[in-house]
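Here's the letter readout for the chains.
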Amino acid sequence: MNNPKAIRDRVIQHILEASDEDVTPDDVKPETSLRDDLDLSSMQAITLMMDLEDEFDITVEDEELEGLRTVGDVTALLDTKLSD
């Protein structure tokens, strides 16, 4: 799946499932902070990335995880991983 919109849609779906906040897909923008805006705990963020690794059949290294702050960071990482 190399379609950026389809990737973003799947990321948003996973975020909605992971977040305890009352958010809708329209609330999730590229600049939305995983921690500050969506209130994802470290464990929720790790679980989110594990789910995305499984769905997209990729591996995300620990160093890459540390740089993920926003929804845009996540989708950019997936775009890069899927285009390799």
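Heads up: the structure comes first, above all this text.
Residues numbered from 1 in each chain as written. Predicted model: local features only at pLDDT ≥ 70, side-chain atom pairs only at ≥ 80, totals over all residues. Heavy atoms only, no water.

**Here we look at helix α4 (residues 71-83)**
Residues lying three or four places apart along an α-helix face the same way, a consequence of the helix completing one turn every 3.6 residues.
Point 1. The first and last C-alpha atoms of α4 sit 18 Å apart over 13 residues, in line with the 18 Å expected at 1.5 Å per residue.
Point 2. Here α4 has its buried residues at Val71, Gly72, Val74, Thr75, Leu77, Leu78 and Leu82.
Point 3. Looking at the buried positions of α4, the neighbouring elements they touch are α1 (4-18), α2 (42-56) and α3 (62-66). (Helix = DSSP H or I, 4+ residues; strand = E, 2+ residues; numbered from the N terminus. Expected span 1.5 Å × (residues − 1). Buried < 20%, exposed > 50% of the residue type's maximum accessible area, 1.4 Å probe, protein only. Contact = heavy atoms within 4.5 Å.)

**Some words on the nonpolar core**
Soluble, globular proteins show a tendency: their nonpolar side chains are buried together.
Point 1. Formed by 22 residues in total, the largest nonpolar core has its most connected members in Val11, Ile15, Leu38, Leu52, Val74 and Leu78.
Point 2. Secondary structure elements with two or more residues in this core: α1, α2 and α4.
Point 3. The residues contacting Leu52, other than those within four sequence positions of it, are Val11, His14, Asp57, Ile58, Val74 and Leu78. (Core = buried A, V, L, I, M, F, W, Y, C linked by side-chain atoms within 4.5 Å.)

**Focus: the pattern of salt bridges**
Point 1. Scanning the entire structure with this criterion turns up 3 salt bridges.
Point 2. When the shortest N-O distance is used, the salt bridge between Lys81 and Glu64 registers 3.1 Å. A residue pair is termed long-range when its members are at least 10 positions apart, and Lys81 in helix α4 and Glu64 in helix α3 qualify at 17 residues. (Salt bridge = Lys/Arg side-chain N within 4 Å of Asp/Glu carboxyl O.)

**Here's the deal with unusual backbone geometry**
Point 1. If you check the backbone angles, Asp39 has positive phi at about 55 degrees while not being a glycine.
Point 2. Along the polypeptide, Asp39 turns up in the loop between α1 and α2.
Point 3. Note on Asp39: relative accessible area 47%, which makes it partly exposed.
Point 4. Although it is not a glycine, Asp57 sits at a positive phi angle of roughly 55 degrees.
Point 5. Positionally, Asp57 belongs in the loop between α2 and α3.

**A closer look at α1**
Point 1. The end-to-end C-alpha distance of α1, which contains 15 residues, comes to 21 Å, matching closely the 21 Å that a straight helix rising 1.5 Å per residue would cover.
Point 2. When we look at burial in α1, the residues that qualify are Ile7, Val11, Ile12, His14, Ile15 and Ala18. Looking straight down α1, one finds that the buried residues subtend no more than 165 degrees of arc, so they occupy a single side. Facing away from the buried side of α1, by more than 90 degrees, are the exposed residues Lys5 and Glu17.
Point 3. Each element contacted by the buried residues of α1 is listed here: α2 and α4.
Point 4. The N-terminus of α1 is capped by Asn3, whose side-chain oxygen sits 2.9 Å from the backbone nitrogen of Lys5. (Arc of directions from axis to C-beta. Polar contact = N/O pair within 3.5 Å; in protein donor to acceptor, adjacent residues only side chain to side chain.)

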